[in-house]
Amino acid sequence: MQTNNLTKKYLLDYSREEVYPFVQTLGMESYRGDQIFKGMYVQLLSDFTNLTTLSRSLRDKLNHAVTLRTLQLKEQTISVNEDTVKFLWSLHDGLKIESVIIYKGKRVTFCISSQVGCALDCKFCTTGKMGFLRNLSSGEIVEQVLLMKQKAKRPATNIVFMGMGEPLLNLKNVLKASYILADPEGLAFSQKRITISTSGIAPAIRKLADSGAPFSLAVSLNAVFEEFRKKIMPISKNFPLNLLMKSVHYYISKTKKRVTFEYILIRKKNDTKEDADQFIKLTRDIPCKINLIPCNSDDPAYPPSTTETIQWFADYLHDRGRTTIVRQRKGWEIKAACGQLYANNETKIGKKISDNMRKKDKNTI
Ligand code: SAH
Ligand code: SF4
């Protein structure tokens, strides 16, 4: 459990199994844990005042000892066609993060953050410009979902760790939060519809495979040639493409699941026939789905591929047996699209991988 400077215990940091012994420490019988957990995740209570299955004195005791909300909504922005809603939250220590709801047909995707900022400094990504400030606790991850659930027009069909941060560098809390969200006694969210997206932390992909976690994995490939990948994703210097692909093979052999490859298309940089051929080569024997995303960067050095090229690239992969989807830009004008999440944390300057690499062993991050 991450310590925070709150005076009360933050009960969203607790799994159901941890809630039972905790309520005992307050002098309650452990079966009360079920009522409390249901109150948190089925009734979506923000405190225990209305948990009428408990006596008034037990409710008061709980309210005195624990808190269920630490995120404060600072800003809510809705796109013109109302298919994207972005939330800016302030955390208990004043740092800020963002989360997004995306409506597309029957799909309702909650895009959540795993860290405040991100250290990995991918050149096309606005979150990378923040640097890394801290990991989110499992409760802070869960709370984003609870608060958005109360705001959403329809229930979420998918939860994706594609907001701020690199989830595999906060694996423990990301997994704990995912298990809590999927707890059948609580929100009971579908395990396979929770997707963890990584820029390619190869050892953590192996660890995830070994953990037997039932969630889905997306790998942000973004480049199929090492030289270019290193240029746009500095993490590739630590975990080169061949190592990354080996870890993906390991993940697949271990879990028997397919992975999703995310690939941003940058005009004339990674959208040529050579790139498409190399993509086919790299993904041979990998059961996968490919999501192509027109690059959303404000930086003129990273313009999106043309519509024709995007279609050509998608068809080329598709004709060679790869399930390929072009992700439409959603929430571009409100800066809620992939890679556009940014929270101004005033004077706080986050750490970047490039700072570390100057100091440390290149194989560690
Ligand atoms: N750190 C994780 C998850 C957060 S980023 C990761 O990198 O996978 C979520 C997705 O946004 C990634 O697939 C990333 O490649 C994509 N992304 C980042 N910047 C982007 C941009 N400018 N345009 C389109 N997609 C972008
Ligand atoms: Fe971090 Fe992902 Fe952005 Fe790269 S793309 S800087 S890993 S959030």
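Enquirer: I'm lost on the site of ligand 2 in this one. Help?
Expert: The full set of residues close to ligand 2 is Cys-118, Leu-120, Asp-121, Cys-122, Cys-125, Gly-128, Gly-165 and Ser-199. Structurally, ligand 2 is housed in the largest cavity.

Enquirer: Mind showing me how you'd approach the confidence of the model for the protein chain here?
Expert: Predicted coordinates in areas of low pLDDT are best not read in detail. Looking at the protein chain, pLDDT values average 93 and 95% of them are 70 or higher. Long-range and interchain partners of residues 357-365, a stretch whose pLDDT sits below 50, account for 14 contacts in this model, where long-range means more than four residues apart.

Enquirer: I keep staring at the pattern of salt bridges and nothing clicks. Help me out?
Expert: Pairing is possible between side chains that carry opposite charge, provided their charged atoms lie close to one another. Summed over all chains, the structure comprises eleven salt bridges. One salt bridge connects Glu-185 with Lys-38, and the closest N-O pair in it is separated by 3.0 Å. Here the residue Glu-185 occupies a position in the loop between helix H6 (171-182) and strand E10 (194-198), and Lys-38 occupies one in helix H2 (residues 32-41), the gap between them amounting to 147 residues. For Lys-38, a relative accessible area of 35% puts it in the partly exposed group.

Enquirer: Help me understand the nonpolar core, please; the structure alone is not making it clear to me.
Expert: Here is a general trend for soluble globular proteins: nonpolar side chains tend to be buried in one another's company. Residues Ile-36, Phe-48 and Phe-261 are the most contacted members of the largest nonpolar core, which totals 123 residues. Among the elements that take part in this core, H6 stands out by supplying seven residues, more than any other. The contact partners of Phe-48, leaving out residues within four places of it in the chain, are Leu-11, Ile-36, Met-40, Arg-59, Leu-62, Asn-63, Val-66 and Leu-68.

Enquirer: Would you mind going over the site of ligand 1 with me for this structure?
Expert: Near ligand 1, the surroundings consist of 21 residues, among which Phe-124, Gly-165, Ser-197, Ser-220 and Asn-296 are the closest. Within the backbone of Phe-124, a nitrogen or oxygen atom sits 2.8 Å from a nitrogen atom of ligand 1. Asn-222 places a side-chain nitrogen or oxygen 3.1 Å from an oxygen atom of ligand 1. Considering ligand 1 on its own, with 520 Å² of exposed area, one finds that the protein chains cover 96% of that surface. Here ligand 1 occupies the largest cavity.

Enquirer: What exactly am I supposed to notice about empty space enclosed by the protein here?
Expert: Space left empty within the atom packing is revealed by a probe, the size of a water molecule, rolled over the atoms. Counting across every chain of the model gives one cavity of 30 Å³ or more. Empty space within the largest cavity amounts to approximately 510 Å³. Among the elements of the structure, helix H4 (126-130), E10, strand E12 (259-265) and strand E13 (288-294) are those that each provide at least two residues to the lining of the largest cavity. The class makeup of the residues in the lining of the largest cavity is 16 nonpolar, twelve polar and four charged.

Enquirer: What should I look at first to understand the layout of surface pockets in this one?
Expert: What the largest pocket holds in volume is close to 920 Å³. Considering the residues around the largest pocket, the lining is formed by 33 residues, among which Arg-107, Val-160, Lys-289, Asn-291 and Arg-327 are closest to the centre. Here the lining of the largest pocket is built from residues that sort into 14 nonpolar, eight polar and eleven charged.

Enquirer: Please clarify how the environment of Phe-313 should be interpreted in this entry.
Expert: Relative to the assigned elements, Phe-313 resides in helix H12 (residues 307-319). Taking the C-alpha atoms as reference, Phe-313 lies 6.9 Å from Asp-271; in sequence the two are 42 residues apart. Excluding residues within four positions of it along the chain, Phe-313 makes contact with Tyr-263, Leu-265, Asn-270, Asp-271, Thr-272, Asp-275, Ala-276, Phe-279 and Leu-292.

About the cut-offs
- Residues numbered from 1 in each chain as written.
- Chains lettered and ligands numbered in written order.
- Predicted model: local features only at pLDDT ≥ 70, side-chain atom pairs only at ≥ 80, totals over all residues.
- Heavy atoms only, no water.
- Near = heavy atom within 4 Å.
- 1 Å grid on protein atoms, 1.4 Å probe; cavity = no way out; pocket = protein on both sides within 12 Å on 5 of 7 lines; lining within 4 Å.
- Sits in = over half its atoms within 2 Å of the grid points.
- pLDDT = per-residue confidence, 0-100.
- Contact = heavy atoms within 4.5 Å.
- Salt bridge = Lys/Arg side-chain N within 4 Å of Asp/Glu carboxyl O.
- Helix = DSSP H or I, 4+ residues; strand = E, 2+ residues; numbered from the N terminus.
- Buried < 20%, exposed > 50% of the residue type's maximum accessible area, 1.4 Å probe, protein only.
- Core = buried A, V, L, I, M, F, W, Y, C linked by side-chain atoms within 4.5 Å.
- Polar contact = N/O pair within 3.5 Å; in protein donor to acceptor, adjacent residues only side chain to side chain.
- Areas by Shrake-Rupley, 256 points an atom, 1.4 Å probe, with all protein chains shown as cover.
- Points joined across faces, edges and corners; volume = space filled by probe spheres on them.
- Nonpolar A, V, L, I, M, F, W, Y, C, P; charged D, E, K, R; others polar.

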